[in-house]
Amino acid sequence: IGASPAPPSPSPSPPPAPPPPPPQTHTLHRVVTLPSQYVVTEQHAWLRPEVVESLFYLYHATKDEVYRDWGWQIFRALHRYARMPGDGAYTSLDSAHTWPWPLKGTRMESFWFAETLKYLYLLFSDDATERIPLTDWVFNTEAHLLPVWGGPADELGAEAARARGGWRARAGDTLLKHYPTIYADTVAKWREAARVEEQERAEAVKAEVEANSKEGRARARQAAAKQGA
């Protein structure tokens, strides 16, 4: 008697769906119709971060939950349509117009991890701007943090550089030493140029008023002479 065939292996289960979106907290009262030249025709979706970055700044500037709602909808759409089955990678979309199943691409850009997911995390983090105050830090185009010149983070970095020594410390000391002078000279030149421009404008207005006054007086004398004749 032969051995019974092995039962078929179960098919892998699909990845769990993301949690449902938060309740709607806003109402759109206006529908804007764009002219034909402004209609979006680009069909690719490259997992780019610019929209999520804008939502991050707008939320932390206004605390309006609508920006988190939009960010959550973006994340859910990317998780649903850009995620590759089995390996957890995310791919760009060659066409987002092939609804309901967009046409997947074959590459995952590095900025997906370096920027898009970072800004999504910061968007939903309640203490992001407390740990990274936007008055002391700025993000460059690749979402790397840079300290604001002369701010607390910059001073801490300068102290660390001086403690380590070497050419970086000497260069930092030179910049810190000379920057106030350069700044003061620049401001003084700007103020002097503004003062000269304002003075020239005032003199031009004064000359125009005087010319108009002379012409007016001359016309009045001519009119009085005609009436007397």
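Whatever comes next refers back to the structure up there.
These remarks concern the structure in this document. From a predicted model like this one, the values you see are computed outputs, not experimental measurements.

Here is what the cut-offs are and how they apply
- Residues numbered from 1 in each chain as written.
- Predicted model: local features only at pLDDT ≥ 70, side-chain atom pairs only at ≥ 80, totals over all residues.
- Heavy atoms only, no water.
- Phe/Tyr/Trp six-rings, centres within 6.5 Å; stacked < 30°, edge-to-face > 60°.
- Helix = DSSP H or I, 4+ residues; strand = E, 2+ residues; numbered from the N terminus.
- Buried < 20%, exposed > 50% of the residue type's maximum accessible area, 1.4 Å probe, protein only.
- Contact = heavy atoms within 4.5 Å.
- Core = buried A, V, L, I, M, F, W, Y, C linked by side-chain atoms within 4.5 Å.

1. Points about the packing of aromatic side chains
Reasoning step 1: Summed over the entire model, instances satisfying the criterion amount to eight aromatic pairs.
Reasoning step 2: Ring plane angle 90 degrees and centroid distance 6.0 Å describe the contact between Trp 72 and Phe 124, whose orientation is recorded as edge-to-face. Of the two residues, Trp 72 sits in helix α2 (residues 66-81) while Phe 124 sits in helix α3 (residues 111-124), which places them 52 residues apart along the sequence.
Reasoning step 3: Overall, Trp 72 belongs to the buried group, its relative accessible area being 15%.

2. A few points about the environment of Ala 143
Reasoning step 1: Tracing the backbone shows Ala 143 in the loop between β3 (137-139) and β4 (145-147).
Reasoning step 2: What makes Ala 143 buried here is its relative accessible area of 1%.
Reasoning step 3: Sequence spacing of Ala 143 and Glu 115 is 28 residues, and the spatial spacing of their C-alpha atoms is 5.6 Å.
Reasoning step 4: When near neighbours in sequence (up to four residues on either side) are disregarded, Ala 143 contacts Ala 114, Glu 115, Lys 118 and Tyr 119.

3. So, the nonpolar core
Proteins that are soluble and globular tend to have nonpolar side chains buried together.
Reasoning step 1: Grouped together as the largest cluster of nonpolar side chains are nine residues: Val 52, Phe 56, Tyr 119, Leu 120, Leu 122, Ala 128, Ile 132, Phe 139 and Ala 143.
Reasoning step 2: Those elements that provide at least two residues to this core are α1 (50-62) and α3.
Reasoning step 3: Considering each element in turn, this core owes the most residues, three residues, to α3.
Reasoning step 4: Those residues in contact with Leu 120 that sit more than four places away from it in its chain are Val 52, Gly 71 and Phe 75.
Reasoning step 5: The next biggest cluster of nonpolar side chains, apart from the first, holds six residues, and it includes Leu 47, Leu 78, Ala 82 and Tyr 90.

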